[in-house]
Amino acid sequence: AYLYLCRSALEYLKTYQNSPSIIHLHEWQTSAASMLYWDVYHEEGLLQDARVVLTIHNMDNPGECRAEEFEASGISGETYMDIDKAMDERTIGHNPERMSLLKGGIIYSNAVTTVSPSYARETLEGGAAGWLGTILAANREKYHGILNGIDTVLWDPARDANLPCDFTEETCIEAKAALKKYVQTGLGLEVNPDKPLIICVSRLVPQKGLHLIRHAIDRTAEWGGQFVLLGSGHGGGDFQGLAEGEYKDHPDIRLLIMYNETLSHLLFAASDITLVPSLFEPCGLTQMCAMRYGSLPLVRRTGGLADTVVDVDSKEGGNAGSDQLFGNGYVFDGVSEGELDGALRRALDAFKGRRGWWSSMQQKVMGLDWSWSQPAAGYVDVYRAARK
């Protein structure tokens, strides 16, 4: 179906004589369009003006494809079963040998981007791209990391119809206190403004650090905080078991194994801390949405999380015990529960011991710009470079 879509899109441009300046593709599912564009349409004198940009959101899937499957595009797949084109070199000598559509997209595109500078470095140097890292390294001059943005109209606490009351930086302290009470009451938690409310809004899949989420739930209960999990995915069964067992009717823990857009807005607005402990995260939008609503992020240092959250206790972030507000959250390294404990303990201590400082941090993070303005400018630069 994806191959047919790629061919159909190019046929549409040809039929309606629409020759764009840029054809912007995303992921392995559309990568074949770059191959077909240059080898079929451009080669035949069609769509001469366009240049191709490919954005990779996640390197997990290289888009394996057999030669006969590629015929859904109307072109023989044998054309691309070449090590310098799209052949997946891991399958040489296998029966059948296969191609990687993502590899083909990288090779055939004029420019390749991914969704954060740190993830770009991790895919080039840190092994995050697996075997495709060598392909990216060979094309590093056209490879760029550009941080994603969020929809600041959809995620706007000053105009959010999902909230019973809206708020701005100036009114966030009073409004968030009211919203916290609203959520505590609605979810049957103990109504207590002095208990830090930690939320995790996530797909429940291994990438998201499920063992760390589980550990944070236990630690939060032990250390006198409140925790709300909102998420779904094939890892949700274990959390459902906790919700119906150990944490059933718990005064400080709610595990909601579901997807609910309205509730996610409410949780960001009511919470004090948002946990994002991903094992890898090409960009991540959760931490940006959290800050937009005055919730301090607690994240693992990886990919886009590393690009968007600076630890308040780091050299770069200032010190939680000072009046300098350079940091915007809490960061830990590694994948062990012990390292998460350190960041969580620091966050809870700061919430309980420095409430005035914490309130000023909430206002600060609300003022950060996570819109598409800066990323859009970055893409314009990539488009211009691709056309040179």
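Anything mentioned here points back to the structure above.
Remember, it's a predicted structure, so these values are computed and weren't measured experimentally. (Residues numbered from 1 in each chain as written. Predicted model: local features only at pLDDT ≥ 70, side-chain atom pairs only at ≥ 80, totals over all residues. Heavy atoms only, no water.)

Draft legend 1. Geometry of the side chain of aspartate 311. Note that aspartate 311 resides in the loop between helix H12 (303-308) and strand E12 (330-332). Exposure remark for aspartate 311: the relative accessible area of 7% places this residue in the buried category. (Helix = DSSP H or I, 4+ residues; strand = E, 2+ residues; numbered from the N terminus. Buried < 20%, exposed > 50% of the residue type's maximum accessible area, 1.4 Å probe, protein only.)

Draft legend 2. Inspection of the pattern of salt bridges at higher detail. Inspection of the entire model under this criterion finds 25 salt bridges. In this structure, aspartate 194 engages arginine 355 in a salt bridge whose closest nitrogen and oxygen atoms are separated by 3.3 Å. In this pair, aspartate 194 sits in the loop between helix H7 (172-186) and strand E7 (197-203) while arginine 355 sits in helix H14 (residues 355-366), placing the two residues 161 residues apart along the sequence. The closest approach of N and O atoms between arginine 219 and glutamate 222, which form a salt bridge, is 2.8 Å. Within this pair, arginine 219 and its partner glutamate 222 are both found in helix H8 (residues 210-222), separated by three residues, close to a single helical turn. On the basis of relative accessible area, arginine 219 is assigned to the partly exposed category, the value being 22%. Salt bridges here are not isolated pairs; linked through shared partners, they connect Glu64, Asp88, Arg90 and Arg98. (Salt bridge = Lys/Arg side-chain N within 4 Å of Asp/Glu carboxyl O.)

Draft legend 3. How the structure looks around the environment of serine 109. Looking at the element boundaries, serine 109 is found in the loop between helix H4 (101-108) and strand E5 (111-114). Assessed through its relative accessible area of 3%, serine 109 is described here as buried. A C-alpha to C-alpha distance of 5.0 Å links serine 109 and valine 52, two positions 57 residues apart in sequence. Those residues in contact with serine 109 that sit more than four places away from it in its chain are Ser34, Val52, Leu54 and Lys142. Separated by 2.7 Å, the side chain of serine 109 and the backbone oxygen of glycine 105 make a polar contact. (Contact = heavy atoms within 4.5 Å. Polar contact = N/O pair within 3.5 Å; in protein donor to acceptor, adjacent residues only side chain to side chain.)

Draft legend 4. Representation of the sheet that holds E12 in the model. Sheet architecture is open: six strands sit in the order E9-E8-E7-E10-E11-E12, paired in parallel fashion. Of all the strands in the sheet, the pair left with one neighbour each is strand E9 (253-257) and E12. When strand polarity is set aside, the average angle formed by the axes of neighbouring strands in this sheet is 15 degrees. Pairing of strand E11 (residues 296-300) with E12 involves three bridges; the strand directions are parallel. Looking across to E12, one finds that valine 299 is bridged to valine 331. Each of E7, strand E8 (226-232), E9 and strand E10 (273-276) is contacted by helix H10 (residues 261-270), which is oriented at about 145 degrees to E7, the strand it contacts most. (Pairing = 2+ DSSP bridges. Axes fitted to C-alpha atoms, helices over the stretch in contact; angles between N-to-C directions.)

Draft legend 5. Seen up close, the environment of glutamate 43. Residue placement: glutamate 43 occurs in the loop between helix H2 (32-41) and strand E2 (51-56). Residue classification places glutamate 43 among the exposed positions, given a relative accessible area of 62%. Not counting residues within four places of it along the chain, the set of residues in contact with glutamate 43 comprises Tyr37 and Trp38.

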